[in-house]
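Geometric and topological summary
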Amino acid sequence: MSLDSFNVTRTFHRDTYPAISPTKASLSQAGKAVLITGGGGGIGFEIARSFAKAGASKIIIVGRRTAVLDAAAVKLREEFKDSTPTPEFIAHQGDIGDDASISSIWEFLNSQNIFVRVLVLNAAHFYPLGPDTLKMDKREIMEGFNTNVGGNFLMTVNFVNQPLRPKGQQLNLVNVSTSTIHIIPGPNSTPYATSKAAFTALTGRIADEHPVEEIQIISFHPGIIYSEVALPADYAVWAASPEASWLHGRFVWAHWDVDELKADKEFSKRLEQEKGFLRVAVQGLKDISVDAFLNKQSS
Ligand SMILES: NC(=O)c1ccc[n+]([C@@H]2O[C@H](COP(=O)([O-])OP(=O)(O)OC[C@H]3O[C@@H](n4cnc5c(N)ncnc54)[C@H](OP(=O)(O)O)[C@@H]3O)[C@@H](O)[C@H]2O)c1
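Described below are features of the structure shown in this document.

Cut-offs used in this document
Residues numbered from 1 in each chain as written. Predicted model: local features only at pLDDT ≥ 70, side-chain atom pairs only at ≥ 80, totals over all residues. Heavy atoms only, no water. Pairing = 2+ DSSP bridges. Helix = DSSP H or I, 4+ residues; strand = E, 2+ residues; numbered from the N terminus. Axes fitted to C-alpha atoms, helices over the stretch in contact; angles between N-to-C directions. Contact = heavy atoms within 4.5 Å. Near = heavy atom within 4 Å. Polar contact = N/O pair within 3.5 Å; in protein donor to acceptor, adjacent residues only side chain to side chain. 1 Å grid on protein atoms, 1.4 Å probe; cavity = no way out; pocket = protein on both sides within 12 Å on 5 of 7 lines; lining within 4 Å. Sits in = over half its atoms within 2 Å of the grid points. Core = buried A, V, L, I, M, F, W, Y, C linked by side-chain atoms within 4.5 Å. Buried < 20%, exposed > 50% of the residue type's maximum accessible area, 1.4 Å probe, protein only. Right-handed = clockwise from strand over helix to strand, strands pointing away. Expected span 1.5 Å × (residues − 1). Arc of directions from axis to C-beta.

For the rest of this paragraph, the subject is the sheet that holds strand 2 (residues 58-63). Spatially, seven strands are ordered 3-2-1-4-5-6-7 in an open sheet, and the strand pairing comes out parallel. At either margin of the open sheet sits one strand with a lone partner, and together these are strand 3 (88-93) and strand 7 (251-253). Recorded for the sheet is a direction-independent mean angle of 20° between the axes of neighbouring strands. Against the sheet, helix 3 (residues 99-111) makes contact with strand 1 (33-37), strand 2, strand 3 and strand 4 (116-121), and its axis sits at roughly 145° relative to strand 3, the strand it touches most. Together, strand 5 (171-176), strand 6 (215-221) and strand 7 form the strand contacts of helix 6 (residues 230-239), whose direction differs from that of strand 6 by roughly 155°.

In structure tokens, the structure reads:
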């Protein structure tokens, strides 16, 4: 059965709401260090604000433009100067499309004795755009894949392998994806859509390999942003909390009401029974397992 994306829950949110409020005790991020790629602007900046409201102790914002990051950090410090405890905001220049830069981000954190507990992969490469993919330049297409897939992958590998990670310490990975990965045909944005789909597929596969107790992984569509930035920002905090653990490895929308979703028995049944539900893979056939496939081949 297919669901209508706009009616998965009766309520289709366009702004934040109490169940995902970062000031809710069960969503507290107290004492945690959170790294947000692309945290200097757009949705990433709002995500930084929401984690500060949730009590995170250190918020590291990463981006390529130092001036943008520094200005963002000044704004954040001003807004939260009277919070107790006061969160520390660290603006760190880095390019997730560059392997050496990624290494240097994590070396810096380690040298500062910072253990990152939550990683929000928010930075994205949106280009090239155009109606004819075959007219696009391979190098430009690969730049998008390099950032949206390779960069996010390498950030995740470094996150998981932090020398300062206490043995057995659970991590939280939040991947800001996009509804564009559903849309077929999806005019003009093939490299963006397919690279975002590829990384969302990767996070699902990683979640199959690593249980939620080790690393909780949630991918979500933040909404098409005009005035509703608090919704995806607060949703990112919710996605990094134990309240979202049952969605480990899945791709969901910030618009869907989290309480209604949780109460929906049919939804829970599908999550349990359909391995491909809200995951990126070729759909339209019944689930097949590797075992069933091998048995069929040998019969
Ligand atoms: N806006 C929407 O309507 C919408 C809808 C669906 C999904 N999304 C998703 O939401 C996320 C944020 O989107 P947005 O609209 O807020 O984007 P945005 O305003 O363009 O911000 C992207 C941020 O990422 C940083 N960035 C880009 N490339 C980077 C790189 N290689 N290394 C480090 N930082 C990099 C940018 O800073 P620098 O340029 O300084 O590096 C910028 O701060 C993306 O993942 C996007 O796919 C957005």
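In the vicinity of the ligand, 26 residues are found, and the nearest of them are Arg64, Arg65, Asn122, Tyr192 and Lys196. Ile43 places a main-chain nitrogen or oxygen 2.8 Å from an oxygen atom of the ligand. Between the ligand and Arg64, the relevant distance is 2.7 Å, taken from an oxygen atom to a side-chain nitrogen or oxygen of the residue. Of the pockets mapped on this structure, the ligand occupies the second largest pocket.

The next thing to look at is the nonpolar core. One finds Ile47, Phe51, Ile59 and Val120 to be the most contacted residues of the largest nonpolar core, which totals 52 residues. It is helix 6 that provides the largest number of residues to this core, a total of seven residues. Beyond its immediate stretch of four places on either side in the chain, Ile47 contacts Ile36, Val120, Asn122, Val176, Pro232, Ala233 and Ala236. Listed in part, the 25 residues of the second largest apolar core include Ile102, Leu109, Leu119 and Ile217.

Okay, the pairing of strand 6 next. Along any regular strand, the residues point their side chains to alternate faces of the sheet. Burial within strand 6 is extensive, with seven of its seven residues counted as buried. Along strand 6, one buried face is formed by Ile215, Ile217, Ser219 and His221 and the opposite face, lined by Gln216, Ile218 and Phe220, is buried too. As judged from the six bridges shared by strand 5 and strand 6, these two strands associate in the parallel manner. Bridging from a neighbouring strand, Asn175 pairs with Ser219 of strand 6. Considered for its hand, the β-α-β crossover made up of strand 5, helix 5 (residues 190-209) and strand 6 is right-handed. Pairing between strand 6 and strand 7: three bridges, direction parallel. Bridged to Phe220 within strand 7 is Val252.

Below, the discussion takes up helix 2 (residues 66-79). The first and last C-alpha atoms of helix 2 sit 20 Å apart over 14 residues, in line with the 20 Å expected at 1.5 Å per residue. Looking at helix 2, one finds that the buried residues are Leu69, Ala72, Ala73 and Leu76. Viewed along the axis of helix 2, the buried residues span an arc of 100°, placing them on a single side of the element. For helix 2, the exposed residues set more than 90 degrees away from the buried face come down to Ala67, Val74 and Lys75. The inward-facing, buried residues of helix 2 contact helix 1 (42-53), strand 2 and strand 3.

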